[in-house]
Amino acid sequence: MEERWSTEHILSLAPDAASQKAAGKLSSPAPWSQTGSGQGALWGQCRGSGSTPYRTVVELATPAYQCSCPSRKFPCKHALGLLLLWSTGPQAVAEGAEPASWAGEWLAGRRLRAEEAAERVTARATAVAADPAAARRRAERRSARVAAGTQELRLRLTDRIRRGLADGSATTTDWEEVAARMVDAQAPGLASLVRELAQQPADALADHALLHLLAAAYDRVGELPAPLAATVRSRIGFTTDSAELLAGPTVRDRWLVLGGRDSTDERLTTRRLWLHGTKTARPALLLSFGRPGQAPELAIPTGQLLEAEVAFQPAARPLRAALGPRHGLPTTPSGPAARPPGLSPAGALAAYGEAVADDPWLTSWPVVLTAVVPVAGPTGWQLSDGREALDLRPAGDAALWRLVAVCGGRPMTVFGECGHRGFAPVTVWDESGRPTGVAQ
């Protein structure tokens, strides 16, 4: 039996506030018929303005959604409303039923597409094995394009430093042109970093230096130790397909979901979900993306414990990962067991320092702080355990006051990202062990 989700988690899946409001109006049984749940899915028909009700299906594991309504938002209000109805209990949506025929067809299609994707990965691997020379030529062509791009980037950065960072001659349009050149060079990681650089203050010398270091490192990537070379290639934009990654070594553990955060620009919404391995003590970062008006597919409630296999992208300090097969149903621990083990502020800084020693381009590292309270420090808010403190870098005033309100002056467990600019909180656990997101 699937554990029912909280209202807070369901609403966090919505692509915007309007969808949240509309879904609330569909959370009662009144507009729904033929609802059911089973085999990891929900389904139901929702009465709308037309003569034919909308057919809605939600696959819970991913989650994934399908609705016959014309909405371009994803998930639509009907999928969210069905989830809200299901969350109220079995009296609203019956359990253990066989999916309706139309729901079963969509679920079977998803399984078929997953199998076909796995077959394509196998086919690519077979093609590489059958013609390694062709695969090598493709890799060499891309490497040459990236090398040309990194050389151009180094020249651009050198010219910028020569003119002086404060002269104001470099505009956002200039940086967009450089980012476009990096895309042409098949170095999307560099393109993203260039766009971030355009948003930094004019005197951000350290950011220019780190970007120059990355470009220079790629020019000598063949001379670097294998873990560091993997880190450089990953930051440049070389990644391994998730299916291919999961075909290799995986780490099976009971993973506690520490929290998540969404960031949005004009191109897409990026969702970050952090996990903590309760047996291995390893952190893992899952990324998911959605187009404008579409929430990313990956959604796992904070505080859930799931046994699953995870595959890490190669790196000197592996963090980014792909979520593989899950084993059994997720559970939600309660009380003190729900709070992850943590560090002191000094221990958090030491953990970040160790990570930076492996990967000099890291701006933060996921850590859990234990027994800390928010206090007003000499230069702003801090998290303190009474002996040491970390500067707080919340995502806006709302996040800060949400953290302060949950803590209420009492020592709490807080998860977030610790970096050279301070600590960005993501989740706080209250005395009962209930997690609350503060980064929305």
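Look above for the structure.
This is a predicted model, so every value here is computed, not measured.

1. Topic: the pattern of salt bridges
Right, on to step 1. In this structure the tally under the stated criterion is 19 salt bridges.
Right, on to step 2. Arg317 is the partner of Asp358 in a salt bridge, and the nearest nitrogen-oxygen pair spans 2.9 Å. Here Asp358, found in helix α11 (residues 345-358), pairs with Arg317, found in the loop between β8 (305-312) and β9 (320-326); they are 41 residues apart in sequence, far enough to count as distant.
Right, on to step 3. With a relative accessible area of 31%, Asp358 lands in the partly exposed category.

2. Description of the sheet that holds strand β4 (residues 64-67)
Right, on to step 1. With antiparallel pairing, the four strands of this open sheet are ordered in space as β1-β2-β3-β4. Bordering the open sheet on either side are β1 (32-38) and β4, each of which pairs with just one other strand. Direction aside, neighbouring strands of the sheet carry axes that sit 10° apart on average.
Right, on to step 2. For strand β2 (residues 41-46) and strand β3 (residues 54-59), the ladder comprises six bridges, and the chain directions are antiparallel. Along β3, the bridge assignment pairs Ala41 with Glu59.

3. A few points about the nonpolar core
Within soluble globular proteins, side chains that are nonpolar tend to cluster in buried spots.
Right, on to step 1. The biggest cluster of nonpolar side chains holds 33 residues, and the ones touching the most others in it are Trp365, Leu383, Leu403, Phe423 and Val428.
Right, on to step 2. Every element with two or more residues in this core is listed here: β5 (251-264), α11, β10 (364-377), α12 (397-407), β13 (412-419) and β14 (422-429).
Right, on to step 3. A total of five residues in this core trace back to one element, the largest contributor, which is β10.
Right, on to step 4. Ignoring anything within four residues of it in the chain, the contact list for Trp365 reads Pro283, Arg317, Pro318, Leu319, Ala351, Tyr352, Ala355, Gly416, Glu417 and Cys418.
Right, on to step 5. Ranked by size, the runner-up nonpolar core spans 26 residues in total, among them Ala23, Leu26, Leu60 and Leu85.

4. What about the state of the cysteines?
Right, on to step 1. Summed over the entire model, instances satisfying the criterion amount to zero disulfides.
Right, on to step 2. In this structure Cys67 is not part of a disulfide, and its nearest cysteine sulfur, from Cys69, lies 3.6 Å away.
Right, on to step 3. Take Cys76: it sits in no disulfide, and the sulfur closest to it among the cysteines is that of Cys67, at 3.7 Å.
Right, on to step 4. For Cys76, a relative accessible area of 5% gives the class buried.

5. A short note on the side chain of Arg271
Right, on to step 1. Mapping Arg271 onto the fold places it in strand β6 (residues 269-277).
Right, on to step 2. When its relative accessible area of 6% is taken as the criterion, Arg271 is described as buried.

6. A short note on the environment of Gly419
Right, on to step 1. Along the chain, Gly419 falls in strand β13.
Right, on to step 2. Using a relative accessible area of 5% as the deciding quantity, one classes Gly419 as buried.
Right, on to step 3. Along the backbone, Gly419 and Val356 are 63 residues apart, and their C-alpha atoms lie at a distance of 9.5 Å.
Right, on to step 4. If sequence neighbours within four positions are ignored, Gly419 has contacts with Tyr352, Thr363 and Ser364.

7. With respect to a positive patch on the surface
Right, on to step 1. A cluster of basic side chains, namely Arg136, Arg137, Arg138, Arg141 and Arg145, defines a positive patch on the protein surface.
Right, on to step 2. Examined against the element boundaries, Arg145 turns out to sit in helix α5 (residues 132-163).

8. A short note on the sheet that holds β10
Right, on to step 1. Ordered in space as β12-β11-β10-β13-β14-β15, the six strands form an open sheet in which the pairing is antiparallel. Only two strands of the sheet have a single neighbouring strand rather than two, namely β12 (389-391) and β15 (435-437). Ignoring strand direction, the axes of neighbouring strands in this sheet form an average angle of 50°.
Right, on to step 2. This element, α11, spans β10, β11 (380-384), β12 and β13 of the sheet and lies at about 150° to β10.

9. Description of the packing of aromatic side chains
What describes a pair of aromatic rings is the distance from one ring centre to the other and the angle between the planes of the rings.
Right, on to step 1. A complete count under the given rule lists four aromatic pairs for this structure.
Right, on to step 2. The ring centre of Phe312 lies 4.0 Å from the NZ or CZ of Arg282, which sits over that ring.

10. Some thoughts on the pairing of β9
Right, on to step 1. Sheet topology note: the strand β7 (residues 283-290)/β9 ladder contains two bridges and is parallel. Paired with Leu286 across the strands is Ala321, a residue of β9.
Right, on to step 2. As paired elements, β8 and β9 share four bridges and run antiparallel to each other. Considered in β9, the bridge of Ala308 is made with Arg326.

11. Here's the deal with the side chain of Ser87
Right, on to step 1. Tracing the sequence through the fold places Ser87 in helix α3 (residues 77-87).
Right, on to step 2. Reaching out from Ser87, the side chain makes a polar contact with the backbone oxygen of Leu84 at a distance of 2.6 Å.
Right, on to step 3. Contacts of Ser87, omitting those with residues within four sequence positions, involve Arg4, Trp5, Thr7 and Ile10.

Conventions we followed
- Residues numbered from 1 in each chain as written.
- Predicted model: local features only at pLDDT ≥ 70, side-chain atom pairs only at ≥ 80, totals over all residues.
- Heavy atoms only, no water.
- Salt bridge = Lys/Arg side-chain N within 4 Å of Asp/Glu carboxyl O.
- Helix = DSSP H or I, 4+ residues; strand = E, 2+ residues; numbered from the N terminus.
- Buried < 20%, exposed > 50% of the residue type's maximum accessible area, 1.4 Å probe, protein only.
- Pairing = 2+ DSSP bridges.
- Axes fitted to C-alpha atoms, helices over the stretch in contact; angles between N-to-C directions.
- Core = buried A, V, L, I, M, F, W, Y, C linked by side-chain atoms within 4.5 Å.
- Contact = heavy atoms within 4.5 Å.
- Disulfide = S-S within 2.5 Å.
- Patch = residues over 30% accessible without salt bridge, like charges linked within 9 Å, V, L, I, M, F, W, Y side chains within 5 Å.
- Areas by Shrake-Rupley, 256 points an atom, 1.4 Å probe, with all protein chains shown as cover.
- Lys, Arg positive; Asp, Glu negative; His and termini not counted.
- Charge placed at Lys NZ, Arg CZ, Asp CG, Glu CD.
- Phe/Tyr/Trp six-rings, centres within 6.5 Å; stacked < 30°, edge-to-face > 60°.
- Lys NZ or Arg CZ within 6 Å of the ring centre and 35° of its normal.
- Polar contact = N/O pair within 3.5 Å; in protein donor to acceptor, adjacent residues only side chain to side chain.

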